[in-house]
Amino acid sequence: AQSVTQLDSHVSVSEGTPVLLRCNYSSSYSPSLFWYVQHPNKGLQLLLKYTSAATLVKGINGFEAEFKKSETSFHLTKPSAHMSDAAEYFCVVTLYSSASKIIFGSGTRLSIRP
Amino acid sequence: NAGVMQNPRHLVRRRGQEARLRCSPMKGHSHVYWYRQLPEEGLKFMVYLQKENIIDESGMPKERFSAEFPKEGPSILRIQQVVRGDSAAYFCASSPAEYSNQPQHFGDGTRLSIL
């Protein structure tokens with residue numbers, strides 16, 4: 001069975017400080033992992049994806065994530081938060097060869113303090 | 001290069017009515033997915049379709065819900081005899097291929113409100 005856990009439902013940081021959004025997964029097979037961002041009343045936008053290539057994945061808007069198999073983690077980071085980063089972030093795990101078995105985390109709401 | 005288009009953006013129905021949600025995938029994409037998002041929750045998979053075929057409907061409620069993706073035209077998610085609990089945001093996503101390492105592209109959703 002596969003699952004994904006986002007450890008924080010809400011994270012608040014000051015503008016210009018680092019961002020860390022945590023995600024742990026459980027999968028019997030080599031997973032594909034994604035981070036999506038959702039702004040209010042909008043759909044989900046892909047930030048980055050891991051598909052068994054480099055373990056450090058760089059995405060859009062300065063975000064990156066590191067796949068750590070030993071820790072079954074795929075945490076999302078950004079060195080310096082910007083006000084426009086305030087949004088909901090979802091970690092997603094999929095089972096290769098089963099496109100419909102896509103599991104979303106419950107989301108982390110990121111707030112940015114001026 | 002238009003993205004995934006969903007309409008309407010907002011839909012209000014009274015209990016017992018029917019709701020039809022439409023999704024046009026990105027150009028060149030033949031795989032469509034429907035998700036439901038309740039307030040303060042993540043997305044829950046409902047159904048996965050290819051042109052004229054339902055591949056996986058394991059996330060669809062057994063009654064009142066149906067989906068189609070005809071050879072021509074958009075994918076339709078249909079909810080019959082709506083109830084208050086159907087109020088949610090419904091998102092459609094598309095991808096060019098069936099394998100799960102292809103990212104899905106999402107529409108902006110249809111927010112369904114049941115009076």
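Residues numbered from 1 in each chain as written. Chains lettered and ligands numbered in written order. Predicted model: local features only at pLDDT ≥ 70, side-chain atom pairs only at ≥ 80, totals over all residues. Heavy atoms only, no water.

This part takes up the overall build of chain A. Helix and strand counts for chain A stand at zero helices and 12 strands. Listed by position from the N terminus, the elements making up chain A come as β-β-β-β-β-β-β-β-β-β-β-β. Here the C-alpha atoms of chain A give a radius of gyration of 14 Å, agreeing with the 13 Å that 2.2 N^0.38 yields for 114 residues. Oriented by its inertia axes, the alpha-carbon framework of chain A measures out at about 45 × 30 × 20 Å. Classification of the 114 residues of chain A by burial places 46% in the buried group. Considering only contacts within chain A whose residues lie at least 6 apart along the sequence, 56% involve residues at least 24 apart. Within the structure as shown, chain A displays about 5400 Å² of accessible surface, and the carbon and sulfur contribution to it stands at 53%. Each charge sign in chain A was given a centre, from 10 positive and 7 negative side chains, and these centres are 6 Å apart. (Helix = DSSP H or I, 4+ residues; strand = E, 2+ residues; numbered from the N terminus. Rg over C-alpha atoms; globule rule 2.2 N^0.38 Å. Buried < 20%, exposed > 50% of the residue type's maximum accessible area, 1.4 Å probe, protein only. Contact = heavy atoms within 4.5 Å. Areas by Shrake-Rupley, 256 points an atom, 1.4 Å probe, with all protein chains shown as cover. Lys, Arg positive; Asp, Glu negative; His and termini not counted. Charge placed at Lys NZ, Arg CZ, Asp CG, Glu CD.)

Once that is clear, we can look at the layout of surface pockets. By volume, the largest pocket is sized at about 410 Å³. If you go around the largest pocket, you meet 18 residues; those closest to its centre are Q38, N41 and R109 of chain A together with Q37 and E40 of chain B. For the lining of the largest pocket, the elements supplying multiple residues, two or more each, are β10 (87-95) of chain A together with β9 (88-95) of chain B. Across the lining of the largest pocket, the residue classes break down as eight nonpolar, five polar and five charged. (1 Å grid on protein atoms, 1.4 Å probe; cavity = no way out; pocket = protein on both sides within 12 Å on 5 of 7 lines; lining within 4 Å. Points joined across faces, edges and corners; volume = space filled by probe spheres on them. Nonpolar A, V, L, I, M, F, W, Y, C, P; charged D, E, K, R; others polar.)

All chains considered together, the criterion is met by 13 aromatic pairs over all chains. Residues F104 of chain A and Y35 of chain B carry aromatic rings whose centres are separated by 5.2 Å and whose planes lie at 75 degrees to one another, so their mutual orientation is edge-to-face. In this pair, F104 of chain A sits in strand β11 (residues 98-104) while Y35 of chain B sits in strand β4 (residues 31-37), so the two residues belong to two different chains. In this pair, the class of F104 of chain A matches that of Y35 of chain B, namely buried. Ring geometry for Y33 of chain B and Y48 of chain B: centres 4.7 Å apart, planes at 5 degrees, overall stacked. With Y33 of chain B in strand β4 and Y48 of chain B in strand β5 (residues 43-50), this pair connects stretches of sequence that are 15 residues apart. Judged by relative accessible area, which is 3%, Y48 of chain B ranks as buried. (Phe/Tyr/Trp six-rings, centres within 6.5 Å; stacked < 30°, edge-to-face > 60°.)

The biggest cluster of nonpolar side chains holds 26 residues, and the ones touching the most others in it are W35, L76 and Y89 of chain A. The residues contacting Y89 of chain A, other than those within four sequence positions of it, are Q6, L21, W35, Y36, V37, L47, F63, L76, G107, T108 and L110 of chain A. Core analysis: the next-biggest nonpolar cluster, separate from the first, contains 23 residues, M46, F69, A88 and I114 of chain B among them. (Core = buried A, V, L, I, M, F, W, Y, C linked by side-chain atoms within 4.5 Å.)

Another aspect to go through is the state of the cysteines. Residue and element names in this part refer to chain A. With the rule as written, the count across this model stands at two disulfides over all chains. Between the sulfur atoms of C23 and its disulfide mate C91 the distance is 2.0 Å. Torsion about the S-S bond of the C23 and C91 cystine: about -65 degrees, corresponding to left-handed handedness. With C23 in strand β4 (residues 23-26) and C91 in strand β10, this pair connects stretches of sequence that are 68 residues apart. Side by side, C23 and C91 carry an identical accessibility label, which is buried. (Disulfide = S-S within 2.5 Å.)

All right, on to the side chain of T108 of chain A then. Residue and element names in this part refer to chain A. Along the chain, the position of T108 falls in strand β12 (residues 108-113). The class of T108 is buried, set by a relative accessible area of 1%. In terms of polar contacts, T108 uses its side chain to reach the side chain of Q6, at 3.2 Å. Separated by 2.5 Å, the side chain of T108 and the backbone oxygen of D8 make a polar contact. (Polar contact = N/O pair within 3.5 Å; in protein donor to acceptor, adjacent residues only side chain to side chain.)

This part is about the sheet that holds strand β1 (residues 5-7) of chain B. Residues and elements named next belong to chain B. Taken together, the four strands give an open sheet; going across it, the order is β1-β3-β8-β7, and neighbouring strands pair in antiparallel fashion. Two strands bound the open sheet, and with one partner strand each, they are β1 and β7 (65-68). If you compare each strand with its neighbour and ignore which way they point, the axes differ by 15 degrees on average. Relative to strand β8 (residues 75-79), strand β3 (residues 19-24) runs antiparallel, the two sharing five bridges. Bridging across to β8, R22 finds its partner in I76. (Pairing = 2+ DSSP bridges. Axes fitted to C-alpha atoms, helices over the stretch in contact; angles between N-to-C directions.)

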